[in-house]
Amino acid sequence: MKNAINREIPNKIKYIGELEPFMGAWEKLKKGWMDEISVPPPNKAKLPHQKKICATLKEAILKTNPQNGMTLTYHHHLRNGDDILVKAISILAELGIKDITLASSSLNESHDALLRYLEDGTITKIWSSGIRGELGKAISKGILKNPVVIHSHGGRVRAIHTGKIKPDLTIIPAAAADEEGNATGAHGKSAFGSIGYARIDARYAKQVIVVTDNLVDYPCIPIGIRQNFVDYVVEVNSIGDPTKIASGTTRITKSPMDLRIAKLAADVIEHSGLFIEGFSFQVGAGGASLAVAKFIREKMKHKNIKGSFMLGGITSYCVEMLNEGLFKTLFDVQSFDAEVSHSLLNNKRHIEIPAALYANPFNCGCMTNKLDVVALGALEIDTDFNVNVITGSEGNIRGASGGHSDTASGAQLTVVVCPSFRGRIPIVTKKVHTVVTPGESVHVLVTERGICVNPQYPDLEKRLNKAGIKTKKIEELEKEVDEIVGTAKPINFTDKIVGLIEYRDGTIIDVIRQVAEF
Amino acid sequence: MKTKRRTMLYIPGNNPAMLQQGGIYGADSLLLDLEDAVALNEKDSARILVKNMLNSISYYNTEVCVRVNHLDTPFGIEDLETIVPLQPDAIRFPKTETVKELKKLIDIIESIENKHNLPHNKMTIHAMIETALGVQNVFEIAKFSKRVDAITIGGQDLTADMNIVNAKDGSGIDLARKMIVMAAKANNIDAIDTVFVDVNDEEGLRLETEYAKKIGFTGKAVINPRQIDIIHEVYTPTEAEIRRAFRIIKEFKKNKDAGIGVFAIDGKMVDAPVVARARHTLDLAEIKY
């Protein structure tokens, strides 16, 4: 069947059931509730003074009574510095557990070593907001029998609520924890800041193991993960490599191209009508996206404008803007370095939020719904403004949906910032390989070769033109790019579906097909 | 109004990515370099690359100049034979020292143009002054041909030619700067200041540009796109300057109708040169009056 953006979607996937085609960015929200019923979280019990501490991770896993076909959930706050997930899976494999559904909030290069467990049938299904590195390549080549499901950060919460992801076990690395399992990411030698993604896992998993390299006296505060959800606590030497936890994406780029794009984007924001006292703002980390914050910061100072809140992935750059009084509050679902952790711990206006509050579409007000302006990157964007942030130019899975479609859906102004081409690869194209964020939720594209406003938002274009900002049709820009880099030979795919792209509301917006071997 | 040349961005002729992106940074002028930025064993490939780029890439409305190698090198003639038929907006000639060599250059350019049935009045020439001898002859160089419409100073080479060791404050080439500006202005052509080499020193760049503007340079050469906005800011009149210029023009018109040539605004004398400066300010701000 075809969905609302004309992508071919299968009616059914065996292990998931009937699929619902994408109907439009806000169609399912119009009703005011979702038809799917929330599954109840487990009711658990412990005896008075029963000990939760286990000597090793293996001991804790054994106590959870792992079974074939189980679902393991995980958070990715440690990013590329994560040491625990691979260990946990290797323990499960050693115990002979097969057919695991892995539902990590994201997967990256630190999880390359999981590849062998995909090969040997230990892991057979994956739900995640992103997959990078060797896993992405292997999945794209068809290593798994079942397609992976790529969801957004908000969509993950919905998938757990509705029982699409049924966590049997969650393992939660924490930078500090106590013997009862109260845990935080905000302090300790491996501090990673917010632990917001893991909150839903702690609430819904039948068994919860907290793993820390910093066991502190009871109670561990601030309480990110609460003891009443935690079954076992394990102390290990290290939960990860802190140097890789800081992603290095918190410094403003020196790339003249990214800076040029960012400056143009800041000009667009300034003249959008939303750059006013009390506005709210979100940027991604790294590249042109974070650099937008640099120019917005200068403009806010110049015009003496104070914002309300910054949201989402919080970098030390956001912390600086909070400390300068440019924004009143940071809502932090995911943070990026030690400096952010320090602020999260010490500044009461720097608030940790769970993924549900951040972006779950099915509640009475996720924070992305209150967002005024967001600047987002793209791997590809097409002439319908659909954005791909998941598959690369060779068709392989190599990115993350993350909060892209969540914030685009919520913000009053979604600005996509990217170069029009990278090397010889066109970024602005007629049709993206994979749609993650639907074009209707993207207002404007800013590239080094032109600013294109989505024709669905003519008032914005008029406003920008009136302020002296030149715009061009996205079709013209696409043609210009095509003249420079030439038309690429299409990627060869087989009919096998290796990935489903779930929109935040649970409908299927696109599929990823297996890349054919040469 | 003449084309503004507040910034001239150097782009190494052997760097495809930078050549490709040259037009996006908002520089007033681009300088595709076949000379010092290109190693000896890359001269031919840079020439071919620049030729193909000129044929295929849109630099939007940016002025495009090509710096060729000197005629004393084995590359100069071939550079001209390749580039002149493509008629970029300008050719920049390095280490111009005498009128004699400038004449030789123009003769070669025009014979190539004749061969290709091209006019002699389209592509201009920027003479680059990089030696003490060139500085001494700069007025004659600036005056020699109508095709020369800008004089530029190559601070690095000039410093070396003058055997100046500790050169950071620019005092050694200060006289040369002023002589070049004077020669250019005397011939009503542009004077472009030398590059500022420390791309991370934004404040230093701003100060040096402010100085260049103050002594009369039309603009400044740029080695990194990040320097462009700072230079443009310096060369763009402030709101207060624009308001004052408007007031001067308005009062001037009023007084002129009453037959008065000299008058005062806020106690300061306004006469014809002040009015000319006010017009220049509004021209720079691209405001019609």
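Residues numbered from 1 in each chain as written. Chains lettered and ligands numbered in written order. Predicted model: local features only at pLDDT ≥ 70, side-chain atom pairs only at ≥ 80, totals over all residues. Heavy atoms only, no water.

1. Concerning the pattern of salt bridges
Rules: Each salt bridge in this description consists of a side-chain nitrogen of Lys or Arg and a carboxyl oxygen of Asp or Glu lying within 4 Å of one another. Each helix is a run of H or I in the DSSP string that is no shorter than four residues. Each strand is a run of E no shorter than two, and both are numbered from the N terminus. Classification of residues uses two cut-offs on accessible area relative to the type maximum, computed with a 1.4 Å probe and protein chains only: under 20% is buried, over 50% is exposed, and between them is partly exposed.
Tallied over the full model, the rule gives 54 salt bridges over all chains. Between A:K479 and A:E483 there is a salt bridge; the shortest N-O distance is 3.7 Å. Highlighted residues: A:K479 and A:E483, both in helix α15 (residues 474-485), separated by four residues, approximately one helical turn. On the accessibility criterion, A:K479 (53% relative accessible area) is exposed. A:E483 gets classed as exposed once you look at its relative accessible area, which sits at 59%. Taking the shortest distance from any N to any O, the salt bridge between B:E140 and B:K143 comes out at 3.9 Å. In this pair, B:E140 and B:K143 are both assigned in helix α6 (residues 138-144), three residues apart and thus about one turn of the helix distant. Through salt bridges with shared partners, one network takes in A:K263, A:D267, A:E270, A:K299 and A:K303.

2. Section: helix α10 (residues 228-235) of chain B
Residue and element names in this part refer to chain B. To keep things clear, this is the line we draw: The criterion used for residue contact is that any of the two residues' heavy atoms lie within 4.5 Å.
For α10, the buried fraction is high: six of the eight residues fall into the buried class. Taken as a whole, α10 has its buried residues at I228, I230, I231, H232, V234 and Y235. Looking at the buried side of α10, the elements it contacts are β1 (7-12), α9 (202-214), β8 (219-222) and α12 (272-284).

3. Regarding the sheet that holds strand β5 (residues 100-104) of chain A
Residues and elements named next belong to chain A. Definition in use: Paired strands, in this sense, are two strands between which DSSP finds at least two bridges. With axes taken as lines fitted to C-alpha atoms, and helix axes fitted only over the stretch in contact, angles between N-to-C directions fall between 0 and 180 degrees.
Pairing is mixed across the open sheet formed by 10 strands, whose spatial order is β3-β12-β11-β8-β4-β5-β6-β7-β26-β27. In the strand order of this sheet, the two ends are held by β3 (53-54) and β27 (508-515), each with one partner. As paired elements, strand β7 (residues 148-150) and strand β26 (residues 493-502) share three bridges and run parallel to each other. Along β26, the bridge assignment pairs V149 with L500. Where helix α2 (residues 84-94) meets the sheet, its contacts fall on β4 (71-74), β5, β6 (123-128), β8 (169-174) and β11 (207-212), and the angle it forms with β4 comes to roughly 165 degrees.

4. Concerning the sheet that holds strand β18 (residues 380-382) of chain A
Paired through backbone hydrogen bonds, the strands of a sheet run either parallel or antiparallel to each other. All names here are of chain A. Read from one edge of the open sheet, three strands run β19-β18-β23, paired in mixed fashion. Edge strands, defined here as strands with exactly one partner in the open sheet, are β19 (387-388) and β23 (428-429). Pairing between β18 and β19: two bridges, direction antiparallel. Within the sheet, the bridge partner assigned to E380 lies in β19 and is N388.

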